[in-house]
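Residue-level structural notes
Each chain, written out:
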Amino acid sequence: YGPIFQTRLLGRPVVISADTNFNRYIVQQEGKLVELWYLDTFSKLFAQEGETRTSAAGFVHKYLRSLTLSHFGSESLREKLLPHLEILVQQTLNGWSSQESIDVKEAALNHKEKIGEKFTHISQGLFSLPLNIRGTTYHSCLKSQGEVMDMMRAYLKERLTSPETYRGDFLDQALKDLNTEKFLTEDFILQIMFGLLFASSESTSMTLTLVLKFLSENPQVLQELEAEHERILNSRETPDSPLTWTEVKSMTFTLQVINESLRLGNVSLGILRKTLKDIQINGYTIPAGWTIMLEMEPDVIAKNFMPFGGGTRQCAGAEFAKVLMTIFIHVLVTNYRWKKIKGGEIVRTPILGFKNRLHVKLAQKN
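To start, this report covers the structure provided alongside it. Everything numeric in this text was worked out from a predicted model, so none of it was measured. (Residues numbered from 1 in each chain as written. Predicted model: local features only at pLDDT ≥ 70, side-chain atom pairs only at ≥ 80, totals over all residues. Heavy atoms only, no water.)

Nonpolar side chains tend to gather and get buried jointly when the protein is soluble and globular. Judged by nonpolar contacts, the single largest core of 42 residues is most densely connected at Leu 93, Trp 96, Ile 327, Phe 328, Leu 332, Trp 338 and Leu 362. Setting aside its immediate chain neighbours within four residues, Leu 362 contacts Leu 93, Trp 96, Ser 97, Leu 332, Tyr 336, Arg 337 and Trp 338. (Core = buried A, V, L, I, M, F, W, Y, C linked by side-chain atoms within 4.5 Å. Buried < 20%, exposed > 50% of the residue type's maximum accessible area, 1.4 Å probe, protein only. Contact = heavy atoms within 4.5 Å.)

If you want it as structure tokens, here you go:
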């Protein structure tokens, strides 16, 4: 009993910790005392089994982290991606404003190959019992995953049949490394693509939905946001000039809004680790092979804010996600006003979701 206690999760022994000091210690022991661990359904969907599983510390994880940072890290954002992201956000919000109302989360997902509904089915099945029977959540989850994988397999085949068209992006780099990295296969690259696309799409669309919900409910915060972005526009020689990296990094209040949305709406109830060795805590032993769940409720992470994980497992796409959300807020508050139409009631099943989807009406400012 207390902030660290033992129970069982689907028959498995698990230690649940809401102790901030212990949680911080555990995430710093990645690859030493613990490794990332997932429930059976999640492991099967994202191929987290065998030597090439990305949950284990080692050369596979290091390669993927390096590859992700090189294409989506700060340098790439600053040098290449920033103008493209601004155009993408402008086009997306312009499309939203032409509709009577939009389901924010679905609309934020569907600009990526129209796969929002499939990702929703997959998300709902992540913590379901792995019963592949027609009509079950897990069956729907597997079906949607298969459809997404088929789409990406066709795209991968297209790249392989036209190697002369080199774009220099994440996928081209992975395909090039097929010749040098022994663990890489076409199937493994497909799993990487699926995992990255799902993780980035689901988390970002959920956070942007929460931002719109919270801003709708807190007009004073919205007013301060608008003031910050108006100051940026007024300081330019040309108000319509593209965003600069210096401007993005100067949006301190915007980052506070994003962080508070992440804190209040943490998508997962916690993060899971499997012990590689016995761990001693408060006179007790957590045996090797057990699961540790680090609870991440808002009042728990207030002291140790880790929305993108911690230690060597901190999300390699964290900077990309924050910059994308910052650009979204900038374009939104400087060019649009919106009105909440309905929905937005938060529920957990057990991951964060909405009982009734948030619908808003966007209109361009004069």
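Another point: the packing of aromatic side chains. Tallying each qualifying case throughout the model produces seven aromatic pairs. Between Phe 72 and Phe 170 the ring centres are 6.0 Å apart and the planes differ by 35°, which places this aromatic pair in the tilted class. With Phe 72 in helix α3 (residues 59-72) and Phe 170 in helix α8 (residues 170-176), this residue pair connects regions lying 98 residues apart in the sequence. Arranged with centres 5.9 Å apart and planes meeting at 65°, the rings of Trp 96 and Phe 328 form a pair that is edge-to-face. Of this pair, Trp 96 sits in helix α4 (residues 74-97) while Phe 328 sits in helix α14 (residues 318-335), placing them 232 residues apart in sequence. Each of the two residues, Trp 96 as well as Phe 328, counts as buried. (Phe/Tyr/Trp six-rings, centres within 6.5 Å; stacked < 30°, edge-to-face > 60°. Helix = DSSP H or I, 4+ residues; strand = E, 2+ residues; numbered from the N terminus.)

Attention now moves to the pattern of salt bridges. Within the structure shown, the criterion is met by 13 salt bridges. With a closest N to O distance of 3.1 Å, Asp 103 and Arg 357 form a salt bridge. Placement of the pair is Asp 103 in strand β4 (residues 102-103) and Arg 357 in the loop between β11 (352-356) and β12 (359-364), with a sequence separation of 254 residues. Ionic pairing is found between Lys 105 and Glu 202, a salt bridge with its closest N-O pair at 3.1 Å. (Salt bridge = Lys/Arg side-chain N within 4 Å of Asp/Glu carboxyl O.)

This part takes up the layout of surface pockets. Reported here for the second largest pocket is a volume of approximately 320 Å³. In terms of lining residues, the second largest pocket is bounded by 16 residues, among which Ser 123, Gln 124, Thr 349, Leu 352 and Gly 353 are the most central. When contributions to the lining of the second largest pocket are tallied by element, the ones reaching two or more residues are α6 (116-125), α9 (186-217) and β11. (1 Å grid on protein atoms, 1.4 Å probe; cavity = no way out; pocket = protein on both sides within 12 Å on 5 of 7 lines; lining within 4 Å. Points joined across faces, edges and corners; volume = space filled by probe spheres on them.)

A few words on the sheet that holds strand β9 (residues 336-342). Two orientations exist for strands paired in a sheet by backbone hydrogen bonds: parallel and antiparallel. With respect to topology, three strands assemble into an open sheet ordered β4-β12-β9, the strand pairing being antiparallel. Strands with a single pairing partner mark the edges of an open sheet, and in this sheet they are β4 and β9. Where β4 meets β12, two bridges bridge the pair, whose relative direction is antiparallel. Looking at β12, one finds that Ile 102 is bridged to Val 360. (Pairing = 2+ DSSP bridges.)

Time to look at α3. Given a rise of 1.5 Å per residue, 14 residues ought to cover 20 Å, and the 20 Å separating the end C-alpha atoms of α3 matches this to within 8%. Within α3, the full set of buried residues consists of Val 60, His 61, Tyr 63, Leu 64, Leu 67, Thr 68 and His 71. For α3, the buried positions fall inside an angular range of 165° around the axis, keeping them on one side. Residues Phe 59 and Lys 62 are exposed on α3 and point more than 90 degrees away from its buried face. Buried positions along α3 lie against α4, α8 and α9. (Expected span 1.5 Å × (residues − 1). Arc of directions from axis to C-beta.)

Time to look at the packing of helix α7 (residues 137-161) against α9. In contact at an axis separation of 10 Å, α7 and α9 are set at 120° when each is read in the N-to-C sense. Classed by the angle they form, the pair α7 and α9 counts as oblique. Classified by chirality, the crossing of α9 by α7 is right-handed. Taken together, the residues of α9 that come into contact with α7 (itself represented by Gln 145, Val 148, Met 149, Met 152, Arg 153, Tyr 155, Leu 156 and Leu 160) are Glu 186, Ile 189, Leu 190, Gln 191, Met 193, Phe 194 and Leu 197. Counted by class, the contact of α7 with α9 contains eleven nonpolar, two polar and two charged residues. (Axes fitted to C-alpha atoms, helices over the stretch in contact; angles between N-to-C directions. Parallel < 35°, antiparallel > 145°, perpendicular 65-115°, else oblique. Left-handed = near helix turned anticlockwise from the far one by under 90°. Nonpolar A, V, L, I, M, F, W, Y, C, P; charged D, E, K, R; others polar.)

Next up on the list: the sheet that holds strand β3 (residues 34-36). Ordered in space as β1-β2-β8-β5-β3, the five strands form an open sheet in which the pairing is mixed. With partners counted over all chains shown, the strands left at the sheet margins are β1 (4-9) and β3, one partner each. Taken over all neighbouring pairs, the strand axes of this sheet differ in orientation by 35° on average, direction set aside. Taken together, the six bridges between β1 and strand β2 (residues 12-17) define a ladder with antiparallel strand orientation. For Thr 7, the partnering residue across the bridge sits in β2 and is Val 14. Along the sheet, helix α1 (residues 20-27) makes contact with β1, β2, β3, β5 (270-275) and β8 (291-295), crossing β8 at roughly 125°.

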